[in-house]
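# Structural overview
Below are the chains, spelled out letter by letter.
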Amino acid sequence: MAYSEKVIDHYENPRNVGSFDKNDPSVVTGMVGAPACGDVMKLQLRIDDNGIIEDAKFKTYGCGSAIASSSLVTEWVKGKTVEEARAIKNTDIAEELALPPVKIHCSILAEDAIKAALEEYKTKQTK
Amino acid sequence: MNYFELFSLLPSYDVDTALLAERYRELQRAVHPDKFANASEQDKRLSVQRTAQINDGFQTLKNPIQRAEHLLALKGLELSHESTTLKDTQFLMQQMEWRESLEEIKHSDDPDSEIAELYDSFEQYAKQITTDLKPLLVSEFEADHLQAAEQIRKLKFMAKLQDELTRVEDALLD
C-alpha cells in the first residue's frame, strides 16, 4: 500500500516521541488499543493551571499510519485549550494524512487517545 | 449461518479439532463440484456456494478467536469488522511493556531464554483470558456477552504479541 508523503514524514521523523513522568500532577495519560490490528497507543499531555496543553508526547506500537496519526496529534494539541483539543476529530487527522479507508481506524485510535487523556484530566480536576 | 450446525457439532468454545477436520472432509466430498459435472447449472452453482460455505465455516471454527466471535454472533453480538477501541489501561500498559521487551531482545546477551520466557508469559496470560471467556460465552445475559467481547479483543492483542515474538525469533535466525 502506498503511504502519503505526510505519513512517511511523520513515520520517519516522528515528533514528540517519549514519556513524561506520570507522577507529575500536571501530566495526564491516554492509553488506547485497536484489537483489529493489535496497535497500542499512549498519549501524554502536560496541561497547565489554565487548561492549556503545554506539551505532548506519544509512544505507539503499530503501523506507519498509527504512528503518523499519533505524531500529528501531539503537534496539533500543543498550545490548544482542553476544549479545543477535545474537538479534534478523526476525520481531520485522516484528511490531513490522506489515510486510505483501511487505515481510518488509526485516526480513530488517535482521537480516542486524546479523549482518554482528557478523561483523566476531568477526573483529576474534580478531585 | 450456524457453522456448528453445519458441521454437526455442539456450539461450544471447546471443539474437537480432529472431529472438525473429519466432518470437513466428509462435507467437502459430498458437495465437491466434480460430482456435479453433469448436473444442471443451478445444482452446479449450489455446489460451488456450498463449498465456499464449508470452507468459511472450517476456517472460522478452526481458529479459537474466530470461533469465539462466531459463538457471540450466534447470541446476537457481531464483532467481526468492528473498529472498537480498547481502553483498559492496565491491560494496555502490560501490552506496552511486552512490546518494549520484544524490542529489547535483539540487544540481549541471551535472546533464546528471553524468547522462551516471553512465550511462557504470553501463553499463561492468554490462557487466563480464555478461562474467563468460556463461561461468558455460554451465558444467556447480554452483560456477559459484552464482557466476552472485551475478552475476545484482549485475545486479539495476545495473538498479535505472539506473532511479533515469532517474527523477532525468525529475524534472529537469519
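Residues numbered from 1 in each chain as written. Chains lettered and ligands numbered in written order. Predicted model: local features only at pLDDT ≥ 70, side-chain atom pairs only at ≥ 80, totals over all residues.

### A closer look at the overall build of chain B
Quick reminder of the rule: What counts as a helix is a DSSP run of H or I of at least four residues, what counts as a strand is a run of E of at least two, and both are numbered from the N terminus. Radius of gyration: C-alpha atoms only; globule rule: 2.2 Å multiplied by the number of residues to the exponent 0.38. Labels follow a simple rule on C-beta atoms placed from the backbone: if 20 or more others lie within 10 Å of a residue's own, it is buried; if 12 or fewer, it is exposed; otherwise it is partly exposed.
Of the regular secondary structure elements, chain B holds seven helices and zero strands. Helices and strands appear in chain B in the N-to-C order α-α-α-α-α-α-α. Computed over its C-alpha atoms, the radius of gyration of chain B comes to 20 Å, more than 25% above the 16 Å expected for a compact globule of 174 residues. By principal-axis analysis of the C-alpha atoms, chain B measures approximately 65 × 45 × 30 Å. Expressed as a percentage of its 174 residues, the buried residues of chain B come to 20%.

### Some details on the domain arrangement of chain B
For clarity, the cut-off: Where each domain begins and ends follows an automated or database-derived domain assignment.
Assigned domains within chain B: domain 1 (3–62) and domain 2 (89–173). Put simply, the middle of domain 1 of chain B and the middle of domain 2 of chain B, counted by C-alpha atoms, are 32 Å apart.

### Regarding the interface of chain A and chain B
Put simply, the test is: It is the C-beta atoms, placed from the backbone, that decide contacts: two residues are in contact if theirs lie within 7 Å. The residue classification treats Ala, Val, Leu, Ile, Met, Phe, Trp, Tyr, Cys and Pro as nonpolar and Asp, Glu, Lys and Arg as charged. All others, Gly included, are polar.
Each partner contributes to the interface: chain A provides 15 residues, whereas chain B provides 15 residues. Counting only elements with at least two residues in the side of chain A that touches chain B, the list comes to β1 (27–34), β2 (39–47) and α5 (104–126) of chain A. Per-element tally for the side of chain A that touches chain B: the top contributor is α5(A), with five residues. Considered class by class, the residues forming the side of chain A that touches chain B number ten nonpolar, three polar and two charged.

### Section: the environment of Pro64(B)
Residues and elements named next belong to chain B. Take proline 64: it is sitting in helix α4 (residues 64–74). Accessibility expressed as a C-beta count within 10 Å gives 18 for proline 64, which makes it partly exposed. Residues proline 64 and threonine 130, spaced 66 residues apart in sequence, show a C-alpha to C-alpha distance of 9.5 Å.

### Notes on the UniProt feature "domain: J" (unreviewed entry) in chain B
Filter applied, for reference: UniProt positions are given in the numbering used here, feature names are shortened, and annotations may be inferred rather than shown by experiment.
In this structure's numbering, the residues bearing the UniProt feature "domain: J" (unreviewed entry) are residues 2–74 of chain B. With 71% helix and 0% strand, the stretch residues 2–74 of chain B has end C-alpha atoms that lie 7 Å from each other.

### A closer look at the sheet that holds β2(A)
Residue and element names in this part refer to chain A. Under the convention used in this document: For two strands to be treated as a pair, DSSP must find at least two bridges joining them. Angles run from 0 to 180 degrees between N-to-C directions of axes, and those axes are lines fitted to C-alpha atoms, restricted for helices to the stretch in contact.
Read from one edge of the open sheet, three strands run β1-β2-β3, paired in antiparallel fashion. The outermost strands of the open sheet, each flanked by one partner alone, are β1 and β3 (53–61). Averaged over all pairs of adjacent strands, the angle between strand axes in this sheet comes to 15 degrees, irrespective of strand direction. Relative to β2, β1 runs antiparallel, the two being bridged by eight bridges.

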